[in-house]
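Below are the chains, spelled out letter by letter.
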Amino acid sequence: MKKKCALFGFLLIFYICSGQAKYGAPEVDPVIIQNKFMDWLKYQDKNIMLSRDFVSLDSTSKKIAKDVFLNELILGNFIPIRLQSEDSLIYYKLFKIEPTSDTSIKATIVASAIEEYEHLKMEGKAFPKFNFTDLNGNIISNETMSGKIIVIKCWYIHCAACVKEFPNVNKLAEKYKDRKDILFISLAEDTPQQLKVFLAKKMLLYSVVPNMKIYMNEILNLNAFPTHFIINKKGTISKVLLNYESLEVALKNEIGEE
């Protein structure tokens, strides 16, 4: 009996360890990365993109739903770390926040998780009713956009991060310019005159809709800029994203590109 118990214990430990190992090791040390706030901030900005699709793991390496993962971050007891992997999937795992960790790290993670949780709740819902007129006088509405994939960038002139990504989003719009079923639209807070002066110096290949501050704040309930939406051909929100890197990947997934 003792031999059977010992064998069972060994097999159980082997099973647990092998199950965890298949996801790979953390790409950074979960303890050391918490020593300095700026180290964490740089890592989070570059490696943790909670708006994209990923495999979410709890602290024991068990798979959990994305909303559960985000809620754990909102509670403020964990940090997300990306795991090394040999496949094309992204794996984020929860690691305990150290007692000596900079309090700013916890605050940053919680704020980010709350934002992403709100965005996650929007996915799968119909995009709010709209009837816009862009700077060129084109009418853009739910009816005229029916049956098309719509990529929407929400921004304003004095948002440095919004403007910084212009070259990248322009490349994306250029890449799909011959696809009649994909449209690139931007909603801006600023007036037509302000935008015309600004865009004469900083080109944006999206259709630009002015005076959208109230719509973005009160209808879309946005708190962060830039924010990108991908709306599918049925008019429902497929993805809500905060950066170009996540947008590029999500758009490929939406149209079925490898």
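Residues numbered from 1 in each chain as written. Predicted model: local features only at pLDDT ≥ 70, side-chain atom pairs only at ≥ 80, totals over all residues. Heavy atoms only, no water.

Here's the deal with the sheet that holds strand β2 (residues 78-82)
Moving on, step 1. One open sheet holds the three strands; their spatial order is β1-β3-β2, and the pairing between them is mixed. Edge positions in the sheet fall to β1 (55-57) and β2, since each of these pairs with one other strand and no more. If you compare each strand with its neighbour and ignore which way they point, the axes differ by 25° on average.
Moving on, step 2. Bridging between β2 and strand β3 (residues 91-96) involves five bridges; their strand directions are antiparallel. In the strand pairing of β3, Ile79 is matched with Phe95.
Moving on, step 3. Sheet strands touched by helix α2 (residues 37-47): β2 and β3. Its angle to β2, the strand with the most contacts, is close to 55°. (Pairing = 2+ DSSP bridges. Helix = DSSP H or I, 4+ residues; strand = E, 2+ residues; numbered from the N terminus. Axes fitted to C-alpha atoms, helices over the stretch in contact; angles between N-to-C directions. Contact = heavy atoms within 4.5 Å.)

Some words on the state of the cysteines
Moving on, step 1. Applying the stated criterion across every chain yields a total of one disulfide.
Moving on, step 2. Across a sulfur-sulfur distance of 2.2 Å, Cys159 and Cys162 are joined as a disulfide pair. Measuring handedness by torsion sign, the sulfur bridge of Cys159 and Cys162 sits at about 80° and is right-handed. Each member of the pair Cys159 and Cys162 is classed as buried.
Moving on, step 3. Summary of cysteine pairing: Cys154 is not part of a disulfide, and the nearest cysteine sulfur, belonging to Cys162, is at 9.1 Å. (Disulfide = S-S within 2.5 Å. Buried < 20%, exposed > 50% of the residue type's maximum accessible area, 1.4 Å probe, protein only.)

Here we look at the nonpolar core
Moving on, step 1. Formed by 50 residues in total, the largest nonpolar core has its most connected members in Trp155, Leu187 and Phe229.
Moving on, step 2. No other element matches the six residues that strand β6 (residues 149-155) contributes to this core.
Moving on, step 3. If we skip the residues at most four places from it in the chain, Leu187 touches Phe132, Ile152, Lys153, Cys154, Trp155, Val209, Met212, Tyr215, Met216 and Leu220.
Moving on, step 4. Listed in part, the 27 residues of the second largest apolar core include Leu50, Tyr92, Ile97 and Ile105. (Core = buried A, V, L, I, M, F, W, Y, C linked by side-chain atoms within 4.5 Å.)

Regarding the packing of aromatic side chains
Moving on, step 1. Overall, the coordinates contain 13 aromatic pairs when judged by the stated rule.
Moving on, step 2. Seen from their ring centres, Phe127 and Phe229 are 5.4 Å apart, and the 80° between their planes marks the pair as edge-to-face. Of the two residues, Phe127 is situated in the loop between α4 (103-122) and β4 (131-133) and Phe229 in strand β9 (residues 227-231); the sequence distance between them amounts to 102 residues.
Moving on, step 3. Seen in terms of ring centroids, Phe130 and Phe132 are 5.0 Å apart; in terms of plane orientation they differ by 20°. Their pairing is stacked.
Moving on, step 4. Judged by relative accessible area, which is 6%, Phe132 ranks as buried.
Moving on, step 5. Among the aromatic side chains, those forming a connected cluster through ring pairs are Phe127, Phe130, Phe132, Tyr215 and Phe229. (Phe/Tyr/Trp six-rings, centres within 6.5 Å; stacked < 30°, edge-to-face > 60°.)

Quick word on the pairing of strand β10 (residues 237-241)
Moving on, step 1. Of all the five residues making up β10, five are buried; the element is thus mostly covered by neighbouring parts of the structure.
Moving on, step 2. Relative to β10, β9 is paired through four bridges, and the arrangement is antiparallel. Pairing of Ile231 across the sheet is with Ile237, part of β10.
Moving on, step 3. Hairpin geometry of β9 and β10 is characterised by an intervening segment of five residues between the two adjacent antiparallel strands and by a positive phi of about 90° at Gly235.

Re the sheet that holds strand β8 (residues 207-209)
Moving on, step 1. With mixed pairing, the five strands of this open sheet are ordered in space as β8-β7-β6-β9-β10. A strand with exactly one partner marks an edge of an open sheet, and here the two such strands are β8 and β10. Between one strand and the next, the sheet's axes are offset by a mean angle of 20°, whatever the strand orientation.
Moving on, step 2. Strand direction decides the pairing type here: β6 and β9, joined by five bridges, are antiparallel.

Concerning the pairing of β6
Moving on, step 1. With seven of its seven residues buried, β6 lies for the most part within the structure.
Moving on, step 2. Burial along β6 is two-sided: the residues Ile149, Val151, Lys153 and Trp155 and Ile150, Ile152 and Cys154 are all buried.
Moving on, step 3. The sheet contact formed by β6 and strand β7 (residues 182-188) spans seven bridges and is parallel. Along β7, the bridge assignment pairs Cys154 with Leu187.

Focus on helix α3 (residues 66-74)
Moving on, step 1. Among all positions in α3, only Lys66, Phe69, Leu70 and Leu73 are buried. In a view along the axis of α3, the buried residues occupy a sector of 95°, so they form one face of it.
Moving on, step 2. Contacts from the buried residues of α3 go to β1, β2, β3, α4 and β10.
Moving on, step 3. Among the residues trailing α3, Gly76 stands out with phi positive, at a value near 85°. (Arc of directions from axis to C-beta.)

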